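Below are the chains, spelled out letter by letter.
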Amino acid sequence: SVADPEQRACLYVNRAGLLLTQGEPREALASLALAEDLFRLLGWFGEAAKVAITRSLVLIDKDALDEAVLLLRDVVAPDARAVSETDRAQALTILGQIHRLKGVPAEGLEFAKRCLKIATKLSPTVRGEANREAGLCAQAEGDVDAARDYWRAALDHYREARNYEESARTARLIGDSLM
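In this report, we go over the structure that sits alongside the text.

**What to know about the overall build of the protein chain**
- Counting its regular elements, the protein chain contains nine helices and zero strands.
- Taken from the N to the C terminus, the helices and strands of the protein chain come in the order α-α-α-α-α-α-α-α-α.
- For 179 residues, the compact-globule formula gives about 16 Å, and the C-alpha radius of gyration of the protein chain, at 17 Å, lands near that figure.
- Dimensions of the protein chain, computed from C-alpha atoms along their principal axes, come out at roughly 60 × 35 × 30 Å.
- Put simply, the protein chain has 179 residues, and 45% of those count as buried.
- A separation threshold of at least 6 residues defines the contact pool for the protein chain, and within that pool the share at least 24 residues apart is 51%.
- For the protein chain, the accessible surface area stands at approximately 9,700 Å², while carbon and sulfur atoms represent 51% of it.
- One finds the centroid of the 24 positive side-chain charges in the protein chain at a distance of 2 Å from the centroid of its 28 negative side-chain charges.

**As for the pattern of salt bridges**
- Scanning the entire structure with this criterion turns up 14 salt bridges.
- When the shortest N-O distance is used, the salt bridge between R132 and E166 registers 2.6 Å. Of this pair, R132 sits in helix α7 (residues 124-140) while E166 sits in helix α9 (residues 164-178), placing them 34 residues apart in sequence. Across the pair, exposure class does not vary: R132 and E166 are buried alike.
- With its nearest N and O atoms 2.8 Å apart, the salt bridge here joins R169 to E165. With R169 and E165 both in helix α9 and four residues apart, the pair spans about one turn of that helix.
- Linked by salt bridges that have partners in common, R132, E165, E166 and R169 make up one network.

**A word on a negative patch on the surface**
- A cluster of acidic residues, E107, E110, E141 and D143, forms a negative patch at the surface.
- Checked against the element boundaries, E107 lands in helix α6 (residues 105-118).

**Here we look at helix α2 (residues 25-42)**
- Given a rise of 1.5 Å per residue, 18 residues ought to cover 26 Å, and the 25 Å separating the end C-alpha atoms of α2 matches this to within 8%.
- Restricting attention to buried positions, one finds in α2 the residues A28, L29, S31, L32, A35, E36, L38 and F39.
- Residues of α2 that are buried sit in contact with α1 (5-21), α3 (45-61) and α4 (65-76).
- Phi turns positive, to about 80°, at G43, one or two residues after α2.

Criteria and cut-off values
- Residues numbered from 1 in each chain as written.
- Predicted model: local features only at pLDDT ≥ 70, side-chain atom pairs only at ≥ 80, totals over all residues.
- Heavy atoms only, no water.
- Helix = DSSP H or I, 4+ residues; strand = E, 2+ residues; numbered from the N terminus.
- Rg over C-alpha atoms; globule rule 2.2 N^0.38 Å.
- Buried < 20%, exposed > 50% of the residue type's maximum accessible area, 1.4 Å probe, protein only.
- Contact = heavy atoms within 4.5 Å.
- Areas by Shrake-Rupley, 256 points an atom, 1.4 Å probe, with all protein chains shown as cover.
- Lys, Arg positive; Asp, Glu negative; His and termini not counted.
- Charge placed at Lys NZ, Arg CZ, Asp CG, Glu CD.
- Salt bridge = Lys/Arg side-chain N within 4 Å of Asp/Glu carboxyl O.
- Patch = residues over 30% accessible without salt bridge, like charges linked within 9 Å, V, L, I, M, F, W, Y side chains within 5 Å.
- Expected span 1.5 Å × (residues − 1).

Structure representation (structure tokens):
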């Protein structure tokens, strides 16, 4: 019954979050799609991009990788309006992950490298995520030495961000690769 499109879009996003915690990804996706449409209608393309990224993550969990790629390609398109560099970098990293999961890690590595090119001025966490995904792609291609180099860079970025949980996950990747 809320008439204001901005408030409705925000309500849809909040509803999607609740639905995800309740284990209802299909309903959450529908709610996110409505929010994204409303944000586009309002001309809030940056917010629409954030919702598209969230939708893609839910789709990855549902193993709907091709659908997730379509959403993210709009976010990383050169003519994408009002998309922040952080959102673009996150979308590129996720595209890298999707391609690795699809069994084409070479393409995944290219997306991660594109992210690393634009992420030099972004937060250490964003750079850490891109380096870790690049390492996972390199490992999937059989280049363990390159993977370790990426993971060491990721570890440095996570430490800089004081993100101890991701530091530990990344250190484990390095340790496992040395075994």
